[in-house]
Amino acid sequence: MGFDFLLIAIVVIGITFFFSKRYKKTEKVDKDFTVSYYKLSYRRKMIRTLTSIPFIIVACGVLYYLSDWPLPIYFGFVGLISVIFLVQVLYNYKMWKKEEQG
């Protein structure tokens with residue numbers, strides 16, 4: 001399990017790095033719909049992140065019922081996901097306000 005997880009993490013980080021570099025200098029979408037997260041302005045990224053709350057709650061519920069994890073590990077995982085989610089929302093908000101000013 002350890003090697004598989006590491007390999008998946010490396011692939012996900014690599015794809016994220018690739019797309020963030022590819023769309024770094026392109027014009028960002030603020031009004032229309034786009035599938036690519038990397039083409040969105042920071043305001044739209046924050047909105048998309050906030051609209052994913054129901055999906056995260058459902059995913060955590062499904063994980064609870066399908067996993068055999070002990071309760072402390074499950075709550076630790078949900079806490080970690082919550083912290084990452086909160087940091088992402090705060091970062092996008094901060095960058096949105098910075099983008100508005102300059």
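Worth saying up front: this structure is predicted, and the values here are computed from it rather than measured. (Residues numbered from 1 in each chain as written. Predicted model: local features only at pLDDT ≥ 70, side-chain atom pairs only at ≥ 80, totals over all residues. Heavy atoms only, no water.)

Student: What is the right way to read the overall build of the chain from this model?
Tutor: Regarding its fold elements, the chain presents 4 helices and 0 strands. Walking the chain from its N terminus toward its C terminus, one meets helices and strands in the order α-α-α-α. Over its C-alpha trace the chain gives a radius of gyration of 16 Å, far above what one expects of a compact globule, namely 13 Å for 102 residues. Its C-alpha atoms put the chain at 50 × 25 × 20 Å along the principal axes. Out of the 102 residues in the chain, the part that is buried amounts to 17%. In the chain, 37% of the contacts between residues at least 6 apart in sequence involve partners at least 24 apart. Of the roughly 8,300 Å² of accessible surface on the chain, 72% is carried by carbon and sulfur atoms. Each charge sign in the chain was given a centre, from 14 positive and 7 negative side chains, and these centres are 7 Å apart. (Helix = DSSP H or I, 4+ residues; strand = E, 2+ residues; numbered from the N terminus. Rg over C-alpha atoms; globule rule 2.2 N^0.38 Å. Buried < 20%, exposed > 50% of the residue type's maximum accessible area, 1.4 Å probe, protein only. Contact = heavy atoms within 4.5 Å. Areas by Shrake-Rupley, 256 points an atom, 1.4 Å probe, with all protein chains shown as cover. Lys, Arg positive; Asp, Glu negative; His and termini not counted. Charge placed at Lys NZ, Arg CZ, Asp CG, Glu CD.)

Student: Explain a nonpolar patch on the surface here, please?
Tutor: The grouping of V58, V62, Y64, Y65, L66, L71 and F75 at the surface amounts to a nonpolar patch, some 800 Å² of accessible area in total. For the nonpolar patch, the secondary structure elements donating two or more residues are α3 (53–66) and α4 (71–101). Ranked by the residues each element gives to the nonpolar patch, the list is headed by α3, at 5 residues. By the element assignment, Y65 lies in helix α3. (Patch = residues over 30% accessible without salt bridge, like charges linked within 9 Å, V, L, I, M, F, W, Y side chains within 5 Å. Salt bridge = Lys/Arg side-chain N within 4 Å of Asp/Glu carboxyl O.)

Student: Before we go on, may I ask you to explain the UniProt feature "transmembrane region" (unreviewed entry) in the chain in this structure?
Tutor: Mapped onto this numbering, the UniProt entry gives "transmembrane region" (unreviewed entry) at residues 6–23, 46–67 and 73–93. Taken end to end, residues 46–67 has its terminal C-alpha atoms 30 Å apart, with 91% of it in helix and 0% in strand. Helix makes up 100% of residues 73–93 and strand 0%, whereas the separation of the span's terminal C-alpha atoms amounts to 30 Å. (UniProt positions renumbered as here; feature names shortened; annotations may be inferred.)

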